[in-house]
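Topology and contacts: notes
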Amino acid sequence: MNKIVLFIIVFSMVLIACNKKAIPVITSRTTSPSDPVKQIADIKPDMEIGKKIFTNRCGRCHDLPKPDQYTPQRWDGILSYMIPRARLDDEQGIHVTAYLKANAAK
């Protein structure tokens, strides 16, 4: 008897957990966004800003490699991993990438 009750309880919990949850839908907006979002295509890479971000943010956690230590392709792999770890936003990532690739080994 106890096994049947336990089975019913577990089975009920599984059914409840598997139900789709309701996702809220915004039907209208009462206020407009205060700050328009910059499009990534609108950002122009700036080497000086990239160098500052690279030096300040990346140098916090480890010694900085020289930009010409790696090829642009190798920097792509490194930056795809490190930009999120350093919590750089898209704009900062564009500047750092531009700086490192412009000064990368040929």
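**Some points on the packing of aromatic side chains**
Counted according to the given criterion, the structure contains four aromatic pairs. Consider the rings of Phe-7 and Phe-11, whose centres lie 6.0 Å apart with planes at 20 degrees: the pair is stacked. Placement of both Phe-7 and Phe-11 in helix 1 (residues 2–18) is noted, with a separation of four residues, approximately one turn of the helix. Residue classification places Phe-11 among the partly exposed residues on the basis of a relative accessible area of 45%. On the numbers, 6.3 Å between centres and 90 degrees between planes, the contact of Phe-54 with Trp-75 is edge-to-face.

**Describing helix 3 (residues 72–85)**
Here helix 3 contains 14 residues, and its C-alpha end-to-end distance of 20 Å stays within 8% of the 20 Å for a straight helix at 1.5 Å per residue. Considered for burial, the residues of helix 3 that qualify are Trp-75, Ile-78, Leu-79 and Ile-83. Elements in contact with the buried residues of helix 3: helix 4 (90–102). Backbone geometry just after helix 3 places Arg-87 at a positive phi near 55 degrees.

Conventions and cut-offs
Residues numbered from 1 in each chain as written. Predicted model: local features only at pLDDT ≥ 70, side-chain atom pairs only at ≥ 80, totals over all residues. Heavy atoms only, no water. Phe/Tyr/Trp six-rings, centres within 6.5 Å; stacked < 30°, edge-to-face > 60°. Helix = DSSP H or I, 4+ residues; strand = E, 2+ residues; numbered from the N terminus. Buried < 20%, exposed > 50% of the residue type's maximum accessible area, 1.4 Å probe, protein only. Expected span 1.5 Å × (residues − 1). Contact = heavy atoms within 4.5 Å.

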